[in-house]
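These are the residues of each chain, in order.
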Amino acid sequence: MLRSSLLVGAALSAFVACQLPGTGGETVEVQWRFRSAVETDGPVLVDTIGSDPWQVEILEAKLLLGPVYGFAPPRTAFRFSDLIGPSTAHAHAGDDNTLSERVVSELLNQVAVDLLDPAPRMLEPALAEAGPLASMNVLFDEARFDNATESGPTRGGHALLRGIARRGDDEVRFVAVLGETIPDDRIARRLESLPVGGELAEGSTIELRADPRAWVRQMRFDDFVGQEGEVFVEEPSQLHNAWYLGLRDPAGWDARVVD
């Protein structure tokens, strides 16, 4: 009787293991790549939302990208004892929805990317676990090393934006750096659970796209009307708050496995 139970248990365990996504994946080398979602050779224009919208021409949009973590599909926990014993409550990390998920590839180096450059930017090769890639977390970490200086690509902030807002006869030229508006909190500093979909294999490319037009849509420029020259918008401001919300909007991002 005992032997029969053990054989049944082993068979069930083997069956369940075969059904779990991402099991048995070997280590492979993949390539990370960034590409702008802007696909135009002309001016990059976007209208803000609201009853009296501005049209914004984006002249410069740069972002510090990384770290980025890619996750396998979540496992469904199963134990043979669950069939014959009392049900078990599983704890959940209430402040982090991806704490228990399995990382299958990661981009660790912080890289400055230009969201108006149509050319793809090859980032770095990395090791990965072969199998399905389901989602990503994109972190907006503090600027590090040369990126943290005033002469850096984002002037020491997380991101840099420069443009011209127009409405009727009004025109506002502006430049802003997104820095202290992003709270010092691990959840607030990331875009969480960006869907991917795709299978990682030897030589795969993980491509991440971002669209700076999502940064601008909720901005207002009324307070800067009549100011001469290019206005440097200080933090905190409505512009920076709207920018922060747009930066974390999944609609402004896309991730996929290609090649």
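Described below are features of the structure shown in this document.

## Topic: the overall build of the chain
Then step 1. Of regular secondary structure, the chain possesses four helices and 16 strands.
Then step 2. Across the chain, every contact between residues at least 6 apart in sequence was considered, and the portion connecting residues at least 24 apart equals 82%.

## Some remarks on the pattern of salt bridges
Then step 1. All told, the structure shown has 19 salt bridges when counted by the stated rule.
Then step 2. Taking the shortest distance from any N to any O, the salt bridge between arginine 35 and glutamate 207 comes out at 3.2 Å. Here the residue arginine 35 occupies a position in strand 1 (residues 27–36), and glutamate 207 occupies one in strand 14 (residues 205–210), the gap between them amounting to 172 residues.
Then step 3. Given a relative accessible area of 21%, arginine 35 falls into the partly exposed group.
Then step 4. What you see here is one network of salt bridges that share partners, running through Arg33, Arg35, Glu39, Glu207 and Arg209.

## Quick look at the nonpolar core
Then step 1. Judged by nonpolar contacts, the single largest core of 58 residues is most densely connected at Met136, Trp215, Phe221 and Trp253.
Then step 2. Not counting residues up to four positions away in its chain, the partners in contact with tryptophan 253 are Leu63, Leu65, Val138, Phe140, Leu191, Leu194, Leu208, Arg209, Ala210 and Leu247.

## Topic: the packing of aromatic side chains
Then step 1. One pass over the structure, following the stated rule, counts four aromatic pairs.
Then step 2. Considering the side-chain rings of tryptophan 215 and tryptophan 243, the 5.5 Å spacing of their centres and the 40° angle between planes classify their relative orientation as tilted. Of this pair, tryptophan 215 sits in helix 3 (residues 213–216) while tryptophan 243 sits in helix 4 (residues 238–247), and the two are 28 residues apart along the sequence.
Then step 3. The class for tryptophan 215 is buried, based on a relative accessible area of 2%.
Then step 4. Taken together, the ring pairs in this structure connect Trp54, Phe174 and Phe221 into an aromatic cluster.

## Things to note about the pairing of strand 11 (residues 170–178)
Then step 1. Two elements, strand 10 (residues 159–167) and strand 11, share nine bridges in a ladder whose sense is antiparallel. Considered in strand 11, the bridge of alanine 165 is made with valine 172.
Then step 2. Following strand 10, the chain reverses through two residues before pairing antiparallel with strand 11; glycine 168 in that reversal takes a positive phi of roughly 60°.
Then step 3. In terms of strand pairing, strand 11 meets strand 15 (residues 230–233) through four bridges, oriented parallel. Looking across to strand 15, one finds that arginine 173 is bridged to glutamate 230.

## Quick notes on helix 4
Then step 1. Across the 10 residues that make up helix 4, a large majority, seven, are buried.
Then step 2. Taken residue by residue, helix 4 has Leu239, His240, Ala242, Trp243, Tyr244, Gly246 and Leu247 as its buried positions.
Then step 3. Looking at the buried side of helix 4, the elements it contacts are strand 3 (55–65), strand 10, strand 11, helix 3, strand 15 and strand 16 (253–258).
Then step 4. Looking at where helix 4 begins, the residue whose side-chain oxygen comes 3.3 Å from the main-chain nitrogen of leucine 239 is serine 237.

## Some points on unusual backbone geometry
Then step 1. Cis peptide bonds are those with omega within 30 degrees of zero, and the linkage from glycine 66 to proline 67 qualifies with 5°.
Then step 2. In this fold, proline 67 is placed in the loop between strand 3 and strand 4 (68–71).
Then step 3. Phi angles above zero are rare outside glycine, and phenylalanine 145 is one such case at about 55°.
Then step 4. Along the chain, phenylalanine 145 falls in the loop between strand 9 (135–139) and strand 10.
Then step 5. Its relative accessible area of 73% is what places phenylalanine 145 among the exposed residues.
Then step 6. Residues other than glycine seldom take positive phi values, yet arginine 155 does so here, at roughly 55°.

Conventions adopted
- Residues numbered from 1 in each chain as written.
- Predicted model: local features only at pLDDT ≥ 70, side-chain atom pairs only at ≥ 80, totals over all residues.
- Heavy atoms only, no water.
- Helix = DSSP H or I, 4+ residues; strand = E, 2+ residues; numbered from the N terminus.
- Contact = heavy atoms within 4.5 Å.
- Salt bridge = Lys/Arg side-chain N within 4 Å of Asp/Glu carboxyl O.
- Buried < 20%, exposed > 50% of the residue type's maximum accessible area, 1.4 Å probe, protein only.
- Core = buried A, V, L, I, M, F, W, Y, C linked by side-chain atoms within 4.5 Å.
- Phe/Tyr/Trp six-rings, centres within 6.5 Å; stacked < 30°, edge-to-face > 60°.
- Pairing = 2+ DSSP bridges.
- Polar contact = N/O pair within 3.5 Å; in protein donor to acceptor, adjacent residues only side chain to side chain.

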